[in-house]
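Report on the structure
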Amino acid sequence: MTSVKGLGASLGVAIGSSFVYENEIDFNKKAVLTHVEASKQLIEKFSSQIVDFRSKERNDEADILDAYILILKDPEIVDQLNQNLDSSVEEVYGIFTSTASVFESMEDVYFKQRAEDILSVGKHLVFNMQNFEREITLNENTILIAEDLTPADTSSMDLSKVNGIILKEGGFTSHAVIVAKNLGIPCVIGVKSLLDDIVDGELMTIDGDTGNIVISPSENQISELKEKQGNITKLIENFTKKKYEALGVEFRVNIGSLEEIVSFNHPFLNSIGLFRSEFIYLDNTTIPTLEEQTRVLEQITQKFSGTIVYRTLDIGGDKQVDYLNLPSEENPFLGVRGIRLLLDDIELFDSQIKSILNSESLGRVKIMFPMISTIEDFIKAKEFVVKIANNLSVEVPPLGIMVETPSSALIADKFSEIVDFISIGTNDLTQYIMAADRGNNNLSPYQDPLHPAVLRAISNVIDFCNTNNTEVSVCGEMSSDPVSAFVLYILGLKIFSMAPSASPFVFDVLDTHSKINKQKIKEQILQLDNAEEVRTIIQEILN
């Protein structure tokens, strides 16, 4: 028996036999086709796979391949490739790795995902140049192990035979993880080289919650895992509309890509608490037209019948979009980003607001401004929206802010009097309060959102919003983590915006402990010294 620890990415547990999918480039294998010929063939191949995916209602994977085609046609990449029409496979792949490294260095998870996409496309282009294609035949109860997986990899796989997925690389937003969540397949990521020695056919168990992987498990371990599997099934079945409505909280979902819109399917959750509009710009090689932006909102309208909290464009600084020609900054995390960028680029702001005000879903949309630090930021943004609404002769939708800077948290009393709603972005709020870049793994001791300094700031915002009857929610990762969500519940939060797959697990914790004395525990945890003490007290309650 051997144990390996990764990162749980898609909840659930699984038992099965290992299958190692090798998709690494053999640079000793020379090119048979030029990159121009290979690119043309690859676009045709992706287009054919897109048609096949859509016929099987695997729309999220089809949308990913659409994005891959955009990368193959990206002018900057094409220009670099065309500088040498007889490039070797090493030179071609080098262009993709250098382009990806720019995105990989960025702090935002969406941009890191773009780096993965670019590398995947580069890899598929090289395989096409080498005229290399691998046929995959999977057995029942497979635990699929790979460096990473793209829709082009899985297009010929029968995923109904896959019990679990293990990725050596990849992040929480990688396409393989999204597919795993949508199909209910447990997934563990980030094992790096820990499984390099494994071969096909070895009995394994994986836990998509804890990230634990066991090779050649004992009978007792298999029995314990099956028991946990049964408990998870009961927990999900217990999350019913009737029980959810009786709890007195509201769950909304976070949406940050076209594939998440298309693949969303839930029987009673129907509101978006955070719509990240950046992907509309990132998935284009030119500024998206008003019609393109409106079309995305129409797709949302078809999927969601409730509230839609639309966050205006949150790019700038470290989040570069080539065609916008944004300035390079020495300290991008504290630079021209979010609302600061939009107030500087009125044409960009104008296009986005008009797309919202012209949409069929206007009656359900709330507009949220990111990176607000001062009262003046909000007033200027509000005046701009009101002016456009008046020109279009439409009602001004509710206008609110993301509280993600210490300044906005500290003057939440003022903000809660003038905004229609507040959503707390706990990811950035934590990194700014703790002065610790959340993309830097060396600073993990400083990145815990349960630190009393962060909790006091959040509590301050919730208290003032409740006093002034201003809607308040949390749209950061804290809402998707059952333990952190329980702490938010103790602090008085009632609206949680989360990853859809987390909803039954968060509900279970809140519902089980809904009768506790929240005020007493709140006073206790806000007086503690560190996050570890907070976690100890919360775990004692939950256990």
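The text that follows walks through the structure, step by step, so that each part is easy to find. This structure is a prediction, so every number in the text was calculated from the model and none was measured. (Residues numbered from 1 in each chain as written. Predicted model: local features only at pLDDT ≥ 70, side-chain atom pairs only at ≥ 80, totals over all residues. Heavy atoms only, no water.)

1. What about the pairing of strand 12 (residues 365–369)?
Note the threshold: With a 1.4 Å probe rolled over the protein chains alone, any residue whose accessible area is under 20% of its type maximum counts as buried; one over 50% counts as exposed, and the rest are partly exposed. Think of it this way: any DSSP run of H or I at least four residues long counts as a helix, any run of E at least two long counts as a strand, and we number them from the N terminus. At least two bridges found by DSSP between two strands are what make those strands a pair.
Burial runs high along strand 12: five of the five residues are buried. Side chains of strand 12 alternate between two faces, with Val-365, Ile-367 and Phe-369 and Lys-366 and Met-368 buried alike. Note that strand 11 (residues 308–311) and strand 12 share four bridges and pair parallel. Bridge pairing in strand 12 places Val-309 opposite Lys-366. One ladder, built from three bridges, connects strand 12 with strand 13 (residues 399–403); its direction is parallel.

2. Remarks on the sheet that holds strand 2 (residues 7–10)
Put simply, the rule is: Between N-to-C directions, angles span 0 to 180 degrees; the directions come from axes that are lines fitted to C-alpha atoms, helices contributing only their stretch in contact. Between two residues, a contact is recorded if the distance between any of their heavy atoms is within 4.5 Å.
Reading across from one edge, 1-8-7-3-4-5-6-2 is the order of the eight strands in this open sheet, with mixed pairing throughout. A strand with exactly one partner marks an edge of an open sheet, and here the two such strands are strand 1 (2–5) and strand 2. Sheet twist, expressed as the average angle between the axes of neighbouring strands with direction ignored, equals 30°. With three bridges joining them, strand 5 (residues 162–167) and strand 6 (residues 187–189) adopt parallel strand pairing. The partner of Ile-165 across the bridge, within strand 6, is Cys-187. Its contacts with the sheet place helix 8 (residues 219–238) against strand 3 (13–21), strand 7 (203–207) and strand 8 (212–215), and it is angled at close to 110° to strand 3.

3. Quick notes on the pattern of salt bridges
The criterion, for reference: Note on definitions: salt bridges are taken to be side-chain nitrogens of Lys or Arg within 4 Å of carboxyl oxygens of Asp or Glu.
All told, the structure shown has 13 salt bridges when counted by the stated rule. Here Lys-192 ties to Glu-169 by a salt bridge, and the two come within 3.1 Å at their closest N and O atoms. Of the two residues, Lys-192 sits in the loop between strand 6 and strand 7 while Glu-169 sits in the loop between strand 5 and helix 7 (175–183), which places them 23 residues apart along the sequence. Salt-bridge contacts for Lys-522 lead to Asp-463; the nearest nitrogen and oxygen are separated by 2.8 Å. Here Asp-463 lies in helix 19 (residues 452–467) and Lys-522 lies in helix 22 (residues 518–525), a separation of 59 residues in the sequence. Ionic contacts of the salt-bridge type, sharing partners, join the residues Glu-250, Arg-252, Lys-366 and Glu-471 into one network.

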